[in-house]
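Overview (structure and organization)
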Amino acid sequence: MSSQFQEKPERRWSLQDFEIGKPLGKGKFGRVYVAREVKSKYVVALKVIFKEQIEKYRLHHQLRREMEIQASLRHPNVLRLYGWFHDAERIFLILEYAYGGELYGELRKTGHLSENQAATYIASLTQALAYCHEKHVIHRDIKPENLLLDHEGRLKIADFGWSVQSSSKRHTMCGTLDYLAPEMVENKAHDYAVDNWTLGILCYEFLYGAPPFEAESQRDTFKRIMKVDLSFPSTPHVSAEARNLISLLLVKDSSKRLSLQKIMEHPWIIENANPTGTCKK
Ligand SMILES: Nc1ncnc2c1ncn2[C@@H]1O[C@H](COP(=O)(O)OP(=O)(O)OP(=O)(O)O)[C@@H](O)[C@H]1O
């Protein structure tokens, strides 16, 4: 039995190569199942997308882009896309299996994470984003639902639906409001620094259990983002170092946000993040 998925670029996969197991979840465009490649016995997640849905919403270009970007990335904190194949009705994505499921589930279960857990996830995300940025990929849709955990609790960025591969500034309005940087809310040109802002939002949400600019309406969230209306509740208790890192990331002027390298050098990360990236509760 091989411990690695047998990748052959010339290989054409088909449904016969896999034994399908239990469903893992349901997305907007299809379902995800745990599956095992027959020859190697390697366990993967098989994402099934109905062509009809993709055609209805004219998303084939976006899906193709998502698949090509994700397949080209190799990082321990980026979910691997090993390959894809299709039949008459469906497209199948062969994905790395994230046994631990969504980080979102973890957050909702416990309310908020410990400083060690939060710092470990932020460090993993920072390293994955540094790698993506080097490859000219801006994710733009990083939120807890798009973060999965493997069997050792290692964070994996999934879902490159809104990512963009470009070294130039971008103008599209996209993403979820709570995680959006001011320059994106305003629909201004934006660059890699949008992901640094999102790291600040996530760090806050990991530690306090809710994103910092949450409001009753989208309009109010919008206003709070634009004002950088940031406050730190007295409970749960969060260390001054963690609050300092959040304040250095949630900065309106994107050029003044802490760089990814400086995040890794921040005392809170140095003191709290597990260098192996694994996280057991
Ligand atoms: N590689 C994976 N390993 C383990 N579980 C997965 C994996 N991919 C997806 N899942 C689970 O299946 C669920 C559905 O995934 P899917 O990506 O289709 O949904 P989604 O995140 O809502 O995406 P979309 O918005 O593109 O429909 C996820 O919420 C997750 O719990």
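All of these numbers come straight from a predicted model, not from anything done at the bench.

Now for the overall build of the protein chain. Assigned secondary structure in the protein chain consists of ten helices and ten strands. In the protein chain, which comprises 281 residues, the proportion classed as buried is 50%. Across the protein chain, every contact between residues at least 6 apart in sequence was considered, and the portion connecting residues at least 24 apart equals 63%. For the protein chain, the exposed surface amounts to about 14,200 Å²; the carbon and sulfur share of it is 50%.

Here we come to the domain arrangement of the protein chain. Along its sequence, the protein chain is carved into domain 1 (15-96) and domain 2 (102-272). Relative to domain 2, the C-alpha centre of domain 1 lies at a distance of 26 Å. A combined buried area of about 1,500 Å² lies between domain 1 and domain 2, and 57% of that area is made up of carbon and sulfur atoms. At the boundary of domain 1 with domain 2, the tally comes to one salt bridge. Residues Lys-156 and Glu-96 are paired through a salt bridge, measuring 2.8 Å at the closest nitrogen-oxygen approach. Our count for the domain 1 to domain 2 interface comes out at six residue pairs in polar contact (both at pLDDT 80 or more). Its residues placed into classes, the side of domain 1 that touches domain 2 shows five nonpolar, five polar and four charged.

What follows is about the site of the ligand. In the vicinity of the ligand, 16 residues are found, and the nearest of them are Lys-28, Lys-47, Glu-96, Ala-98 and Glu-102. In the environment of the ligand, a nitrogen atom lies 2.9 Å from a nitrogen or oxygen atom belonging to the backbone of Ala-98. Contributions of two or more residues to the shell around the ligand are made by strand 1 (18-26) and strand 3 (43-50). If you tally residues by element for the shell around the ligand, the top one is strand 1, at three residues. Class assignment of the residues belonging to the shell around the ligand gives a composition of eight nonpolar, two polar and six charged. Taken domain by domain, the makeup of the shell around the ligand includes at least three residues from each of domain 1 (15-96) and domain 2 (102-272).

A few words on the nonpolar core. Ranked by internal contacts, the top residues of the largest apolar core, which has 56 residues, are Leu-147, Phe-206, Leu-207, Ile-263, Trp-268 and Ile-269. Inspection of this core shows a minimum of three residues originating in each of domain 1 (15-96) and domain 2 (102-272). Look past the residues within four positions of Trp-268 in its chain and what remains in contact with it is Glu-115, Ala-118, Ala-119, Cys-203, Leu-207, Ser-239, Glu-241, Ala-242, Leu-245 and Ala-273. Counting residues in each nonpolar core, the second largest holds 15 residues, with Val-32, Met-67, Leu-81 and Leu-148 among its members.

Moving on, we get to the sheet that holds strand 5 (residues 90-96). Taken together, five strands build an open sheet; the order of strands is 1-2-3-5-4 and the sheet is antiparallel. Both edges of this open sheet fall to strand 1 and strand 4 (81-86), since each of them pairs with a single strand only. In this sheet, neighbouring strand axes are inclined to one another by 25° on average, regardless of whether the strands run parallel or antiparallel. The pairing of strand 1 with strand 2 (residues 30-37) spans six bridges and is classified as antiparallel. The residue of strand 2 that forms the bridge with Pro-23 is Tyr-33. Together, strand 3, strand 4 and strand 5 form the strand contacts of helix 2 (residues 60-72), whose direction differs from that of strand 4 by roughly 145°.

This part takes up the packing of aromatic side chains. Scanning the model with the defined rule gives ten aromatic pairs in all. Between Tyr-121 and Phe-206, the ring centres sit 5.9 Å apart and the planes meet at 70°, which makes this aromatic pair edge-to-face. Pair noted here: Tyr-121 is in helix 4 (residues 115-134) and Phe-206 is in helix 6 (residues 193-208), with a separation of 85 residues, a long-range link. The pair formed by Tyr-121 and Phe-206 is uniform in burial state, with each residue classed as buried. Ring centres of Tyr-204 and Tyr-208 lie 4.6 Å apart, and the angle between their planes is 35°; on these two criteria the pair is classed as tilted. With Tyr-204 and Tyr-208 both in helix 6, this residue pair falls four residues apart, about one helical turn.

According to the stated counting rule, one finds zero disulfides in the structure shown. Cysteine Cys-203 shares no disulfide, and the gap to the nearest cysteine sulfur, in Cys-279, comes to 13 Å. According to the relative accessible area criterion, Cys-203 is buried, its value standing at 0%. Judged by relative accessible area, which is 9%, Cys-279 ranks as buried.

Here the focus is the sheet that holds strand 6 (residues 101-102). Spatially, 6-8-9 is the arrangement adopted by the three strands of the open sheet, whose pairing is antiparallel. Taken across any chain shown, the strands that pair with only one partner, and hence form the sheet edges, are strand 6 and strand 9 (155-157). Where strand 8 (residues 147-149) meets strand 9, three bridges bridge the pair, whose relative direction is antiparallel. When the sheet's bridge partners are listed, Leu-147 is paired in strand 9 with Ile-157.

What counts and what doesn't
Residues numbered from 1 in each chain as written. Predicted model: local features only at pLDDT ≥ 70, side-chain atom pairs only at ≥ 80, totals over all residues. Heavy atoms only, no water. Helix = DSSP H or I, 4+ residues; strand = E, 2+ residues; numbered from the N terminus. Buried < 20%, exposed > 50% of the residue type's maximum accessible area, 1.4 Å probe, protein only. Contact = heavy atoms within 4.5 Å. Areas by Shrake-Rupley, 256 points an atom, 1.4 Å probe, with all protein chains shown as cover. Domains from an automatic or database assignment. Buried area = accessible area lost by both parts, 1.4 Å probe. Salt bridge = Lys/Arg side-chain N within 4 Å of Asp/Glu carboxyl O. Polar contact = N/O pair within 3.5 Å; in protein donor to acceptor, adjacent residues only side chain to side chain. Nonpolar A, V, L, I, M, F, W, Y, C, P; charged D, E, K, R; others polar. Near = heavy atom within 4 Å. Core = buried A, V, L, I, M, F, W, Y, C linked by side-chain atoms within 4.5 Å. Pairing = 2+ DSSP bridges. Axes fitted to C-alpha atoms, helices over the stretch in contact; angles between N-to-C directions. Phe/Tyr/Trp six-rings, centres within 6.5 Å; stacked < 30°, edge-to-face > 60°. Disulfide = S-S within 2.5 Å.

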